[in-house]
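# Overview (structure and organization)
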Amino acid sequence: MSIVDNMHATYTVEVDSIENTAWDEIVSRFADAHHEQTACYASRHWKGRDSHLLLRKGGEAVAGARVTIFKIPILGRGLAFVRFGPFWRAEGRDADPAIYRAVIEALVKEYAVSRGNCLTILPRPSPDFQDQEYAFLRDMGFTRRRDMLDAERYFVDLSLSEEAQMKSFSQNWRYNLRQALRTPLEIRFSDSQEDAETFAALYQEMMSRKGFDSATPVHMTSALIAGLPPRLKPRLALAFHEGHLLAGATIGLFGDTAYYMFGATSSAALQLNAGYALQWSIIRRLGAEGFRWYDLGGAAHEPGLRHFKKGLAGRAGRIVTMEGEYDFWTDPLGRLAADAVFGARYLRRLRRYGAKYGRLPAT
């Protein structure tokens, strides 16, 4: 345990000392939680390369981050990557910039100064706080060195009434929704393992039908349902017609925001506009449960997907542009190690994109 003195407030720092279940209980008490910051997701997805840091004030957890470490053996340094973190806005309390600065200082001291890594932070997308976090990082000496390849994120404003939400949709989106509502579709919300397996099978069928090889970790739905505490447990939304599953989505429930994590459709879904009916049911459910935003994610350079998500976010929603990843290093070998890791990531993305579209992405 170490101590950070920030703006005359004393914080204590705990590193790699909290058991996974206890960590996720802590994360569940923050308005800016994200599945990438949970131990349940990080420990499985990154296969043991994750580390963690927790900031306390007066014994109370006030901020933290799950950090993925990519070491380059020859260099003896690596990349310490905080993706969609840190979390620092406790539920029911006003956002305190001093806490954000304190947790960033603690991360810099532990992962950049003490360990010699390049610390990279990608803030959680947010219509309300993202720009402020980017400004803090710049003020604290971080440098943006890579842009996002899929920078736009589409947010639905869940504070609207159903009538206002319907008016917010684009004209085309609203038309297709009305067509979908004429079909007797059954929309089911579930967190059962059986439905998670059924959804995963639909996703694999969709990938095979389209000839895609996806790196999307849709298999994590089952693990997150089984392993996360009740307040963070994701939910499946499934659309059926005459007993057949047409479309489904995994919806993450984290803090003030719900996330469209994974989605899949059958070949019959398009003709019945099942995706429109499914998203309408999701929005109504999330709004009734008090979530502020519904993050639809990016469009992955697909014009049709962008059109769908932009129309769904509507006039009252927000399109948030992510600036990119911010780096901080004190050791030149740390920067070199991070460049090697990100270079390898870029090549993997190029290969996947080329296999999917038969061409390289536009710059």
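Note that this is a predicted model, so its numbers are computed, not measured.

### Concerning the overall build of the protein chain
- For the protein chain, the count of helices and strands is eleven helices and 15 strands.
- Here the C-alpha coordinates of the protein chain stretch approximately 60 × 45 × 35 Å along the principal axes.
- Buried residues in the protein chain amount to 52% of all 363 residues.
- Sequence-distant contacts in the protein chain: of pairs separated by 6 or more residues, those separated by 24 or more amount to 73%.
- Total accessible area on the protein chain is roughly 16,500 Å²; 51% of this is exposed by carbon and sulfur atoms.
- Side chains of the protein chain give 47 positive and 42 negative charges; the mean places of these two sets differ by 5 Å.

### Some points on the confidence of the model for the protein chain
- Overall, the predicted model of the protein chain reaches an average pLDDT of 91, with 93% of residues at or above 70.
- Under a pLDDT of 50 for its full length, residues 357-363 has, in the predicted model, nine contacts with residues more than four places off or in other chains.

### Overview of the nonpolar core
- In terms of nonpolar packing, the biggest core is built from 46 residues, with Leu55, Ile104, Leu107, Leu119 and Phe142 touching the most fellow members.
- The leading source of residues in this core is helix H3 (residues 97-114), at eleven residues.
- Aside from chain neighbours lying at most four places away, what touches leucine 107 is Leu53, Ala65, Val67, Val82, Pro86, Ala112, Leu119 and Ile121.
- The next biggest cluster of nonpolar side chains, apart from the first, holds 34 residues, and it includes Val27, Ala33, Leu202 and Leu238.

### Focus: the sheet that holds strand E14 (residues 318-321)
- Pairing in this open sheet of seven strands is mixed, and the strands run E9-E10-E11-E12-E13-E8-E14 from one edge to the other. Each end of this open sheet is capped by a strand with a single partner; those strands are strand E9 (186-190) and E14. For this sheet the average axis-to-axis angle between neighbouring strands, irrespective of direction, equals 25 degrees.
- The pairing of strand E12 (residues 257-265) with strand E13 (residues 293-295) spans three bridges and is classified as parallel. What sits directly across from alanine 258, in E13, is tyrosine 294.
- Sheet strands touched by helix H7 (residues 193-210): E9, strand E10 (235-241), strand E11 (244-254) and E12. Its angle to E12, the strand with the most contacts, is close to 55 degrees.

### Comments concerning the pattern of salt bridges
- With the rule as written, the count across this model stands at 29 salt bridges.
- The shortest N-O distance in the salt bridge between glutamate 186 and arginine 188 comes to 3.9 Å.
- We classify arginine 188 as partly exposed; its relative accessible area is 30%.
- One salt-bridge network, held together by shared partners, links Arg145, Arg146, Glu325, Asp327, Arg335, Asp339 and Arg345.

### Some thoughts on the packing of aromatic side chains
- Following the criterion strictly, the structure yields 16 aromatic pairs and no others.
- The rings of Phe169, Trp173, Tyr276, Trp280 and Phe308 are connected pair by pair, giving a single aromatic cluster.
- Here the basic side chain of arginine 89 rests over the ring of phenylalanine 129, its NZ or CZ set 3.8 Å away from the ring centre.
- Cation over ring: arginine 285 sits above phenylalanine 189, and NZ or CZ is 4.5 Å from the ring centre.

### As for the environment of leucine 55
- Along the chain, leucine 55 falls in strand E3 (residues 50-57).
- Separated by 147 residues in the primary sequence, leucine 55 and leucine 202 have C-alpha atoms spaced 41 Å apart.

### Overview of helix H4 (residues 130-139)
- Those residues of H4 not exposed but buried are Gln130, Glu133, Tyr134, Phe136 and Leu137. Along the long axis of H4, the arc covered by the buried residues comes to 160 degrees, so they all point the same way. Opposite the buried face of H4, by more than 90 degrees, sit the exposed residues Asp131 and Asp139.
- Summarising the contacts, the buried residues of H4 are in contact with H3, strand E6 (118-122), E14 and strand E15 (325-328).
- After H4 finishes, the residue glycine 141 shows a positive phi value of roughly 95 degrees.

### Let's talk about a nonpolar patch on the surface
- A cluster of nonpolar side chains, Leu149, Tyr346 and Leu347, forms an exposed patch at the surface whose accessible area comes to about 290 Å².
- Relative to the assigned elements, leucine 149 resides in the loop between strand E7 (143-146) and strand E8 (152-157).
- Among the residues examined, leucine 149 registers a relative accessible area of 43% and is labelled partly exposed.

### A short note on helix H10 (residues 303-313)
- Taken together, the buried positions of H10 are Phe308, Lys309, Gly311, Leu312 and Ala313.
- Looking at the buried positions of H10, the neighbouring elements they touch are E8, helix H5 (162-168), helix H6 (171-181) and helix H9 (274-288).

### Brief notes about the side chain of glutamine 165
- Position of glutamine 165 relative to the elements: it lies in helix H5.
- When neighbours within four sequence positions are excluded, glutamine 165 is seen to be in contact with Val156, Asp157, Leu158, Leu160, Trp280 and Ile283.

### Focus: unusual backbone geometry
- With an omega dihedral of 0 degrees, the bond running from glycine 85 to proline 86 counts as a cis peptide bond.
- Inspection of the secondary structure puts proline 86 in the loop between strand E5 (77-83) and H3.
- In this structure, aspartate 16 is a non-glycine residue whose phi angle is positive, near 55 degrees.
- Mapped onto the elements, aspartate 16 comes out in the loop between strand E2 (9-15) and helix H1 (20-27).
- Backbone geometry at glutamate 242 places phi at a positive 50 degrees, although glycine is not the residue there.
- Looking at the element boundaries, glutamate 242 is found in the loop between E10 and E11.

Rules behind the numbers
- Residues numbered from 1 in each chain as written.
- Predicted model: local features only at pLDDT ≥ 70, side-chain atom pairs only at ≥ 80, totals over all residues.
- Heavy atoms only, no water.
- Helix = DSSP H or I, 4+ residues; strand = E, 2+ residues; numbered from the N terminus.
- Buried < 20%, exposed > 50% of the residue type's maximum accessible area, 1.4 Å probe, protein only.
- Contact = heavy atoms within 4.5 Å.
- Areas by Shrake-Rupley, 256 points an atom, 1.4 Å probe, with all protein chains shown as cover.
- Lys, Arg positive; Asp, Glu negative; His and termini not counted.
- Charge placed at Lys NZ, Arg CZ, Asp CG, Glu CD.
- pLDDT = per-residue confidence, 0-100.
- Core = buried A, V, L, I, M, F, W, Y, C linked by side-chain atoms within 4.5 Å.
- Pairing = 2+ DSSP bridges.
- Axes fitted to C-alpha atoms, helices over the stretch in contact; angles between N-to-C directions.
- Salt bridge = Lys/Arg side-chain N within 4 Å of Asp/Glu carboxyl O.
- Phe/Tyr/Trp six-rings, centres within 6.5 Å; stacked < 30°, edge-to-face > 60°.
- Lys NZ or Arg CZ within 6 Å of the ring centre and 35° of its normal.
- Arc of directions from axis to C-beta.
- Patch = residues over 30% accessible without salt bridge, like charges linked within 9 Å, V, L, I, M, F, W, Y side chains within 5 Å.

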